[in-house]
Every structure is written in structure tokens, then in C-alpha cells.
Amino acid sequence: MGNKSRNEAMMELAKTVENEKTREYISKRLLPLIQWYADEASKHMRLYRRWSVVSLLTSASIPVVSLFSSDALWSKVAIAILGAVVTFVSAYLMLFDAKNVWVSCRDTRETLNSIYYQYYTGKGIFSDCKSQEDRDSKLIEVSEGIINSDVEKRMGSYAKLSN
């Protein structure tokens, strides 16, 4: 199921929620955040893969250029430039932590999706809820806990970068 059809199905489920505040929470807070996490994961996956391929191709070309070069100045400059590009790309990927952001966003999105579907089926963490009101409260509490945990984890990562 693609993201678009999944999102449409999730929006349809949201329309069936009886409690207006819970329905509003789902449609205006939870579902947009799930979409944001999906978009961020995709963006960082593309970023990580694109720059990793650049690094791989550039580093692989250094021995080739070295093999076919003479002591000419152009070959030394080319090898130096290729080495600098590899160093830059490696530092860029490390600084922006694209792989970990990609994986973290994907994991948070999937966790929120799971909570959302458990809510509708009354399974998992919602199986012990005695009433719909209990399920509604638990949905918001658990979802916000996951979101806040992710924000705290990101803020911790940013604090490490600034030190």
C-alpha cells in the first residue's frame, strides 16, 4: 500500500471517530505528523543515498586516475580534488546525520501508525481499555509520548553537534 492510499485509508478511519476532540486530534495533529515523518524519512533517505553514491564513485575513481596518470600536474590536481570531494561528502553526511534521521523518522512514523491501527482495532495496548473514552485518552497520551520522545532525542542530537 503506497503512502497516498495509506493516508486516505487513515483519513477515512478518522472520520468514524465519535468523539469530536479525538477526531480533531487525529485529523489535525496525528495524521499530519505521521505524514511529516514519512516525508522527512524519504527526504533523508534520498539525501543519504545520493551523497553516499557520490562518495563511493569519487573514492573509487582515485585509484583509476592514479593508475593512468603520469607525473603530470593535472593528475596530481585531479587526485587532490577527488580526495577533497570524498572528505567533504563524508563530513557532510556525518554532520547532517542523514542516515540516522532517515531511520529515526521511519521508525517513529511506523510506531505512530501501529498505535493508530491498534486504537481502531482495540488490540495491543488498547485491549485493556474499558471504554471508548479510555481508548481516546490513551491514544493521545501514547502518541504524544512517542512524539515528545522523538523531539527530545533530536534536541539531544543537536546539542551534541553544538558542543
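Everything below is about the structure shown above.
Now for a quick tour of the structure. Worth saying up front: this structure is predicted, and the values here are computed from it rather than measured. (Residues numbered from 1 in each chain as written. Predicted model: local features only at pLDDT ≥ 70, side-chain atom pairs only at ≥ 80, totals over all residues. Heavy atoms only, no water.)

**Thoughts on the pattern of salt bridges**
Line of reasoning, step 1. Summed over the entire model, instances satisfying the criterion amount to eight salt bridges.
Line of reasoning, step 2. Between Arg109 and Glu110 there is a salt bridge whose closest N-O contact spans 2.5 Å.
Line of reasoning, step 3. Residue Glu110 is classed as partly exposed on the basis of its relative accessible area, which comes to 32%.
Line of reasoning, step 4. Each of Arg6, Arg109 and Glu110 takes part in one network of salt bridges that share partners. (Salt bridge = Lys/Arg side-chain N within 4 Å of Asp/Glu carboxyl O. Buried < 20%, exposed > 50% of the residue type's maximum accessible area, 1.4 Å probe, protein only.)

**A few points about the environment of Ala80**
Line of reasoning, step 1. Here Ala80 lies in helix H3 (residues 73-96).
Line of reasoning, step 2. It is 12 Å that separates the C-alpha atoms of Ala80 and Ser61, two residues lying 19 residues apart in sequence. (Helix = DSSP H or I, 4+ residues; strand = E, 2+ residues; numbered from the N terminus.)

**Looking at the packing of aromatic side chains**
Line of reasoning, step 1. In total, this model carries nine aromatic pairs according to the counting rule given.
Line of reasoning, step 2. For the pair Trp36 and Tyr37, a centre-to-centre distance of 5.0 Å together with 75° between the ring planes defines the contact as edge-to-face.
Line of reasoning, step 3. Given the relative accessible area of 2%, Tyr37 is considered buried.
Line of reasoning, step 4. Residues Trp51 and Tyr92 carry aromatic rings whose centres are separated by 5.4 Å and whose planes lie at 55° to one another, so their mutual orientation is tilted. One end of the pair, Trp51, is in helix H2 (residues 20-68); the other, Tyr92, is in helix H3, and 41 residues separate them in sequence.
Line of reasoning, step 5. Take Trp51: its relative accessible area is 25%, and that puts it in the partly exposed class. (Phe/Tyr/Trp six-rings, centres within 6.5 Å; stacked < 30°, edge-to-face > 60°.)

Just distances and angles here, no functional claims.
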